[in-house]
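Listed below, chain by chain, are the residues.
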Amino acid sequence: MKKILMFLLIVMSSFCLFSCENIPVHDLLKDIPSYNLSVEFSDNYFFSSLISCPKSGSYKAGTILEVRSGIIYDADIYVYLNNSMIDKIDENQEWIYRFKMPDKESSLYITMDRFFGKSEYTFQYLFNWSNNIYEETDITKIRYESEDSGESSDILIDVIYTEDRDDISLFYDLLQEPLVRYNGELKKEEQQTSITYYINNYAYELTIINNNIVYWWDFSSAAYFTFKNEQYEIPNISNASMECHTFSKQLRQLGRFADVYYQDENEEWVNRGTFMQVFSFEFIEYFDNLPNYYAYIDTKDYDKIYVCSDTLFEYNNQAYEIIGNYNFSLLLI
């Protein structure tokens, strides 16, 4: 029996050797067709210089190809093959994007744009915080402010809060609207609306420009989207629970550099430091008599803010009282 098995093995091995010995490897691959691969980078030269990848050219279908990059902090790289994103592999302090050459003419696009190749978006895809809203009752309050970003002598803007369920329902519906990428140009003087959603004691702000352009940003990039339904109009608040004022965003951005002046022993006004984020305060009109001011804040191109107490100040001949947990005593340094 053993002799019979040995004989059969020898016969089979000989068959394999004689059937393949005259067919070189390159002849086995000769019948696999080749296709062109077009490789393109986004217009960020710095990031493209950090990447090794296949060159544009002809490759046989099924060839394993790779894009490699060192890890880039505070940013990400996205690789698309024929508009389909390739999964990233973390390996030995490198990002690797591995794929097989398709059996057709193909394009490879390498970019830092996470939104390339996608035509429609949801708020839940763009803003992680909106995934915490399972139903509209998860929203406890809405804050709404709107201002024109052009040159203006008035640096105060109105803020409206609502806890009304009918109002909140409309702002919940806003988050269900589909979005598309906006690639147009923004006007220099546009209207900016900030809508803040209060969810489980956390506040999340959404910025909408000119009533139809949704602004998205992270630490390394920014993008704009518009409502797929071109007729959609963002809601307004009908039943306010509180109305107050704040400083314009333009001034809030300068707030870190606002100088504060005190009187010295010679009654001379001297710079004693800066205010940090003072213009993020919210406040209401104050109609009683103000105490004398003991300091003022230089707002550069606008009227001075005269500080009368931790919560009281005068601006443009009008008295105001700060509401909320923060006031001048916490922010003066």
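From a predicted model like this one, the values you see are computed outputs, not experimental measurements. (Residues numbered from 1 in each chain as written. Predicted model: local features only at pLDDT ≥ 70, side-chain atom pairs only at ≥ 80, totals over all residues. Heavy atoms only, no water.)

## What to know about the overall build of the protein chain
And step 1. If you tally the helices and strands in the protein chain, you get seven helices and 24 strands.
And step 2. A burial count over the protein chain gives 37% of its 333 residues as buried.
And step 3. In the protein chain, the share of contacts with a sequence separation of at least 24, taken over all contacts with a separation of at least 6, comes to 63%. (Helix = DSSP H or I, 4+ residues; strand = E, 2+ residues; numbered from the N terminus. Buried < 20%, exposed > 50% of the residue type's maximum accessible area, 1.4 Å probe, protein only. Contact = heavy atoms within 4.5 Å.)

## Re the environment of Phe328
And step 1. As for its placement among the helices and strands, Phe328 is situated in helix H7 (residues 328-331).
And step 2. The spacing of Phe328 and Leu312 is 16 residues in sequence and 8.7 Å in space, taken between C-alpha atoms.

## Some remarks on helix H5 (residues 165-174)
And step 1. Within H5 the residues assigned to the buried category are Asp167, Ile168, Ser169, Phe171, Tyr172 and Leu174.
And step 2. Buried residues along H5 sit in contact with helix H4 (123-126), strand E10 (139-148), strand E11 (156-162), strand E13 (191-199), strand E14 (202-209) and strand E16 (222-227).
And step 3. Measuring from the backbone nitrogen of Asp166 back to the side-chain oxygen at the start of H5 gives 3.0 Å, which picks out Asp164 as the cap. (Polar contact = N/O pair within 3.5 Å; in protein donor to acceptor, adjacent residues only side chain to side chain.)

## Topic: the sheet that holds strand E7 (residues 89-91)
And step 1. Judged by pairing direction, the sheet is antiparallel, and its four strands sit side by side in the order E2-E4-E8-E7 without closing on themselves. Of all the strands in the sheet, just strand E2 (51-52) and E7 have a single pairing partner and so form its edges.
And step 2. Pairing geometry for strand E4 (residues 64-70) and strand E8 (residues 94-100), over seven bridges, is antiparallel. In the sheet register, Arg68 faces E8, and the bridge partner there is Ile96. (Pairing = 2+ DSSP bridges.)

## Things to note about the side chain of Glu177
And step 1. Position of Glu177 relative to the elements: it lies in the loop between H5 and strand E12 (179-181).
And step 2. Buried charge without a salt bridge: Glu177, with Lys228 as the nearest opposite-charge side chain at an N-O distance of 9.7 Å.
And step 3. Contacts of Glu177, omitting those with residues within four sequence positions, involve Phe123, Phe227, Asn229 and Tyr232. (Lys, Arg positive; Asp, Glu negative; His and termini not counted. Salt bridge = Lys/Arg side-chain N within 4 Å of Asp/Glu carboxyl O.)

## Structural notes on the pattern of salt bridges
And step 1. Counted under the stated rule, the structure contains eight salt bridges.
And step 2. Measuring nitrogen to oxygen at the nearest pair gives 2.5 Å for the salt bridge that ties Arg68 to Glu94. Highlighted residues: Arg68 in strand E4 and Glu94 in strand E8, separated in sequence by 26 residues.
And step 3. For Arg68, a relative accessible area of 26% puts it in the partly exposed group.
And step 4. Using a relative accessible area of 25% as the deciding quantity, one classes Glu94 as partly exposed.
And step 5. As a salt-bridge pair, Lys228 and Glu120 come within 2.6 Å of each other at their nearest N and O atoms. Of this pair, Lys228 sits in the loop between E16 and strand E17 (242-247) while Glu120 sits in the loop between strand E9 (106-111) and H4; the two residues are 108 residues apart in sequence, bridging distant segments of the chain.
And step 6. Exposure remark for Lys228: the relative accessible area of 45% places this residue in the partly exposed category.
And step 7. On the basis of relative accessibility, which here comes to 35%, the residue Glu120 falls in the partly exposed class.
And step 8. Taken together, the shared-partner salt bridges connect Glu66, Arg68, Glu94 and Arg98 into one network.

## Here's the deal with the nonpolar core
And step 1. Residues Leu174, Tyr197 and Leu206 are the most contacted members of the largest nonpolar core, which totals 30 residues.
And step 2. Elements supplying a minimum of two residues to this core: H4, E10, H5, E13, E14, strand E15 (213-217) and E16.
And step 3. Residue contributions to this core peak at four residues, all from H5.
And step 4. If near-sequence neighbours (up to four positions away) are discounted, Leu174 is found in contact with Phe123, Ile195, Tyr197, Leu206, Ile208, Phe227, Tyr232, Ile234 and Pro235.
And step 5. Formed by 19 residues, the second largest nonpolar core is a distinct cluster that contains Val67, Leu81, Met101 and Leu108. (Core = buried A, V, L, I, M, F, W, Y, C linked by side-chain atoms within 4.5 Å.)

## Some details on the confidence of the model for the protein chain
And step 1. Residues at a pLDDT of 70 or more form 81% of the protein chain, whose mean pLDDT is 83.
And step 2. Within the protein chain, the lowest mean pLDDT, 46, falls on helix H1 (residues 2-20), and the highest, 97, falls on H5.
And step 3. When the criterion is pLDDT under 50, residues 7-23 qualifies, and its contacts beyond four places in sequence or with other chains add up to one contact. (pLDDT = per-residue confidence, 0-100.)

## Section: the pairing of E13
And step 1. The buried fraction of E13 is high, at seven of nine residues.
And step 2. Pairing geometry for E13 and E14, over eight bridges, is antiparallel. Paired with Ser194 across the two strands is Thr207, which belongs to E14.
And step 3. Linking E13 to E14, which pair antiparallel, is a turn of two residues; within it Asn200 sits at a positive phi near 50°.

## Examining the sheet that holds strand E3 (residues 57-60)
And step 1. One open sheet accounts for five strands, arranged E3-E1-E9-E5-E6; its pairing is mixed. Since the sheet does not close on itself, it has two edges, and those belong to E3 and strand E6 (84-85), each with one partner.
And step 2. In terms of strand pairing, strand E1 (residues 34-41) meets E9 through five bridges, oriented parallel. Directly across from Ser38, in E9, lies its bridge partner Ser107.

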